[in-house]
Amino acid sequence: MPEEKEECTCHKTKERPEKEYKDLIHRLNRIEGQIRGIRGMVEKDTYCTDILVQVAAVNAALNSFNRVLLANHIKTCVTRDIREGKEDTVEELLATLQKLMK
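Residues numbered from 1 in each chain as written. Predicted model: local features only at pLDDT ≥ 70, side-chain atom pairs only at ≥ 80, totals over all residues. Heavy atoms only, no water.

Engineer: Outline the overall build of the protein, supporting the account with residue identities and numerical values.
Structural biologist: Looking only at helices and strands, the protein features three helices and zero strands. Across the protein, helices and strands are ordered from the amino to the carboxyl terminus as α-α-α. A compact globule built from 102 residues should have a C-alpha radius of gyration of about 13 Å, whereas the protein, at 19 Å, is more than 25% larger. Counting only C-alpha atoms and orienting by the principal axes, one finds that the protein spans roughly 55 × 45 × 25 Å. A buried classification covers 18% of the 102 residues belonging to the protein. Within the protein, residue pairs in contact and separated by at least 24 positions form 53% of the contacts whose partners lie at least 6 positions apart. Total accessible area on the protein is roughly 8,800 Å²; 55% of this is exposed by carbon and sulfur atoms. Charged side chains in the protein number 18 positive and 18 negative. The centres of these two groups are separated by 7 Å. (Helix = DSSP H or I, 4+ residues; strand = E, 2+ residues; numbered from the N terminus. Rg over C-alpha atoms; globule rule 2.2 N^0.38 Å. Buried < 20%, exposed > 50% of the residue type's maximum accessible area, 1.4 Å probe, protein only. Contact = heavy atoms within 4.5 Å. Areas by Shrake-Rupley, 256 points an atom, 1.4 Å probe, with all protein chains shown as cover. Lys, Arg positive; Asp, Glu negative; His and termini not counted. Charge placed at Lys NZ, Arg CZ, Asp CG, Glu CD.)

Engineer: Before we move on, can you summarise the nonpolar core with the specific residues and values?
Structural biologist: It is characteristic of soluble globular proteins that their nonpolar side chains tend to be buried jointly. Counting eight residues, the largest nonpolar core is built from Leu-24, Ile-31, Ile-38, Met-41, Ile-51, Val-58, Phe-65 and Val-68. What Leu-24 contacts, discounting residues up to four positions off in sequence, is Arg-16, Phe-65, Val-68 and Leu-69. (Core = buried A, V, L, I, M, F, W, Y, C linked by side-chain atoms within 4.5 Å.)

Engineer: With reference to specific residues and values, describe the packing of helix 1 (residues 18–43) against helix 2 (residues 48–83).
Structural biologist: The geometry of helix 1 relative to helix 2 is characterised by a closest axis approach of 10 Å and an angle of 165° between their N-to-C directions. The orientation of helix 1 relative to helix 2 falls into the category roughly antiparallel. The two elements helix 1 and helix 2 meet at a crossing, and its hand is left-handed. Taken together, the residues that form the contact of helix 1 with helix 2 break down as 16 nonpolar, four polar and four charged. (Axes fitted to C-alpha atoms, helices over the stretch in contact; angles between N-to-C directions. Parallel < 35°, antiparallel > 145°, perpendicular 65-115°, else oblique. Left-handed = near helix turned anticlockwise from the far one by under 90°. Nonpolar A, V, L, I, M, F, W, Y, C, P; charged D, E, K, R; others polar.)

As structure tokens, this is what we get:
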């Protein structure tokens, strides 16, 4: 008898439109490349300030990624949940913003 798999409902998911998905993946691929570049700089004993400038560029790229993802989240998930009367979504958003602003 085949083993039945229980579906995990403990994590929320979101199906993203193709354009949004491709944009996010493109941004992450660029960030990943930047990180590999920084690793190469460390391996080549590059001067500290040169590495720090690249780290600042990665931080800016991550902040930009977060802004795009947050805007998409508010425009879709949060708006939908508020319309459906799910008030706990606002608290979840506020908690997320607190984490992002540390």
